[in-house]
Amino acid sequence: MPGRVEGKVCLITGAAVGLGYADAKLLHEQGATVVLTDVDPEGEKSAKSIGERASFMHLDVTSETEWIETIDAVEEQHGRLDVLVNNAGLVKGADIEACTAELWRLHMSVMADGTFFGCKHAIPLMAASGGGSIINMASTASTVGIAGLPAYSAAKGAITSLTRSVAVHCLDKGYEIRCNSVHPTNTDTPMLRGAIGDEAIERGSLDDGTPLTRTSRPIDVANLILYLASDESLMATGAAFALDRGVTIMEGVSP
Ligand SMILES: NC(=O)c1ccc[n+]([C@@H]2O[C@H](COP(=O)([O-])OP(=O)(O)OC[C@H]3O[C@@H](n4cnc5c(N)ncnc54)[C@H](O)[C@@H]3O)[C@@H](O)[C@H]2O)c1
């Protein structure tokens, strides 16, 4: 039986570890050719561990020049681009009074600029490939107020709004390119372990059979990325997909 993304060429940013790696692995399992990109050279090993239709390219998403070179290389090596997952990100906590201008710019540059460059430079190749799907990693932080994360939240808010604009642009142009944002809650990755510590994760990971009480896992997010990458999601564009165990709609629950 063919995979759900059989034959598609997918580019994933920040894919050396964490959610990007999980996305790349699942897309590959379902028949895609996956291009993992990252600033971390460990991405080379990550791609090798996935399989023969996986490769690695260095890409610092804050650099427009590197984006242009990467899209050119994808066109040269694969002749098309069907799916872009703008996943690269980082988080460093500091409330509004403690947040420095440098910290603010760092978050905006990796996540807002990185996603802007990705959409801008991937669209022509995706349009020439007959359309496709752009998936932008946002967060629950773009919909609820988190006091300790003003820069992260603002960058994710920018991604959410950019997503809607890109979606409408592609509809206006008749490109058949969908663009959606994904908003997970805390998910067990190196980012979250760095932010809240291993112990808090182990406590939250105790699976008592109630999905609403456990920490999200990379595969929970990758399953949504697979749906959005596949032709099953042809009707979805400009949407914000919450993947948060309901925490953003429940009173008194922390995201
Ligand atoms: N883990 C969570 O709880 C969670 C929740 C909501 C949203 N997210 C979002 O999901 C995405 C992935 O998060 P994760 O938890 O896997 O993080 P992670 O820290 O585990 O992995 C992020 C990857 O991005 C890469 N990266 C950082 N800066 C980069 C740059 N300038 N250019 C290219 N790559 C760069 C890192 O090297 C790393 O490999 C991020 O956008 C994050 O904000 C994560």
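Computed from a predicted model, the values in this text were never measured in an experiment.

What about the nonpolar core?
Note on soluble globular proteins: their nonpolar side chains tend to be buried together. Ranked by size, the top nonpolar core spans 34 residues in total, and within it Trp67, Leu81 and Ile134 carry the most contacts. Those elements giving two or more residues to this core turn out to be strand S1 (9-12), helix H3 (64-78), helix H4 (101-128), helix H5 (150-173) and strand S6 (177-184). If you tally residues by element for this core, the top one is H4, at eight residues. Beyond its immediate chain neighbours, meaning those up to four positions away, Trp67 contacts Leu11, Thr13, Leu59, Val61, Leu84, Asn86, Gly114, Phe117, Gly118 and His121. Core analysis: the next-biggest nonpolar cluster, separate from the first, contains 28 residues, Cys10, Ala32, Val182 and Leu226 among them.

Examining a negative patch on the surface
Residues Glu69, Asp72, Glu75 and Glu76 make up a contiguous surface patch of negative charge. Tracing the sequence through the fold places Glu75 in helix H3.

Here we look at the pattern of salt bridges
In this structure the tally under the stated criterion is seven salt bridges. Where Arg4 meets Glu232, a salt bridge forms, and the shortest distance between an N and an O atom there is 2.8 Å. Here Arg4 is found in the segment before S1, whereas its partner Glu232 is found in the loop between helix H8 (218-229) and strand S7 (240-243), with 228 residues between them in sequence. Overall, the relative accessible area of 37% leaves Arg4 in the partly exposed class. With a closest N to O distance of 3.3 Å, Glu29 and Lys25 form a salt bridge.

Remarks on the packing of helix H1 (residues 18-29) against H8
Two quantities define a packed helix pair, namely the angle between the helix axes and the distance between the axes. Remark: H1 packs on H8, axes separated minimally by 8 Å, with the N-to-C direction vectors making an angle of 55°. By the angle between their directions, the pair H1 and H8 is classed as oblique. Considering how the two elements wind past one another, H1 and H8 form a crossing that is right-handed. Judged by residue contacts, Leu19, Ala22, Asp23, Leu26 and Leu27 of H1 engage Pro218, Ile219, Val221, Ala222, Asn223, Ile225, Leu226 and Ala229 from H8. Class assignment of the residues belonging to the contact of H1 with H8 gives a composition of eleven nonpolar, one polar and one charged.

Things to note about the site of the ligand
Inspection of the region around the ligand gives 28 residues, with Asp38, Asn87, Tyr152, Thr187 and Thr189 positioned closest. Between Val61 and the ligand, the recorded distance is 3.1 Å, taken from a backbone N or O atom to a nitrogen atom. Relative to its unbound accessible surface of 820 Å², the ligand loses 91% to contact with the protein. Elements with a contribution of two residues or more to the shell around the ligand: H1, H5 and helix H6 (190-196). Looking at side-chain class alone, the shell around the ligand contains 14 nonpolar, ten polar and four charged residues.

Topic: the packing of H3 against H4
Viewed as axis vectors pointing N to C, H3 and H4 meet at an angle of 30°, and their least axial separation amounts to 10 Å. Read as a crossing pair, H3 and H4 show a hand that is right-handed. Note on element contacts: H4 touches H3 through Gly114, Phe117, Gly118, Lys120, His121, Ala122 and Leu125, opposite Glu64, Trp67, Ile68, Ile71, Val74 and Glu75. Of the residues that constitute the contact of H3 with H4, the class distribution is seven nonpolar, three polar and three charged.

Quick look at the pairing of S1
The alternating pattern of S1 places Val9 and Leu11 on one face and Cys10 and Ile12 on the opposite face, and all of these are buried. Bridge count between S1 and strand S2 (residues 33-38): four bridges; the pairing is parallel. Directly across from Ile12, in S2, lies its bridge partner Leu36. The β-α-β motif built from S1, the intervening H1 and the parallel element S2 has right-handed crossover chirality. Where S1 lies against strand S4 (residues 83-86), three bridges are found, and the strand directions are parallel. Residue pairing in the sheet places Cys10 in a bridge with Val83 of S4.

Procedures and definitions
Residues numbered from 1 in each chain as written. Predicted model: local features only at pLDDT ≥ 70, side-chain atom pairs only at ≥ 80, totals over all residues. Heavy atoms only, no water. Core = buried A, V, L, I, M, F, W, Y, C linked by side-chain atoms within 4.5 Å. Buried < 20%, exposed > 50% of the residue type's maximum accessible area, 1.4 Å probe, protein only. Helix = DSSP H or I, 4+ residues; strand = E, 2+ residues; numbered from the N terminus. Contact = heavy atoms within 4.5 Å. Patch = residues over 30% accessible without salt bridge, like charges linked within 9 Å, V, L, I, M, F, W, Y side chains within 5 Å. Areas by Shrake-Rupley, 256 points an atom, 1.4 Å probe, with all protein chains shown as cover. Salt bridge = Lys/Arg side-chain N within 4 Å of Asp/Glu carboxyl O. Lys, Arg positive; Asp, Glu negative; His and termini not counted. Charge placed at Lys NZ, Arg CZ, Asp CG, Glu CD. Axes fitted to C-alpha atoms, helices over the stretch in contact; angles between N-to-C directions. Parallel < 35°, antiparallel > 145°, perpendicular 65-115°, else oblique. Left-handed = near helix turned anticlockwise from the far one by under 90°. Nonpolar A, V, L, I, M, F, W, Y, C, P; charged D, E, K, R; others polar. Near = heavy atom within 4 Å. Polar contact = N/O pair within 3.5 Å; in protein donor to acceptor, adjacent residues only side chain to side chain. Pairing = 2+ DSSP bridges. Right-handed = clockwise from strand over helix to strand, strands pointing away.

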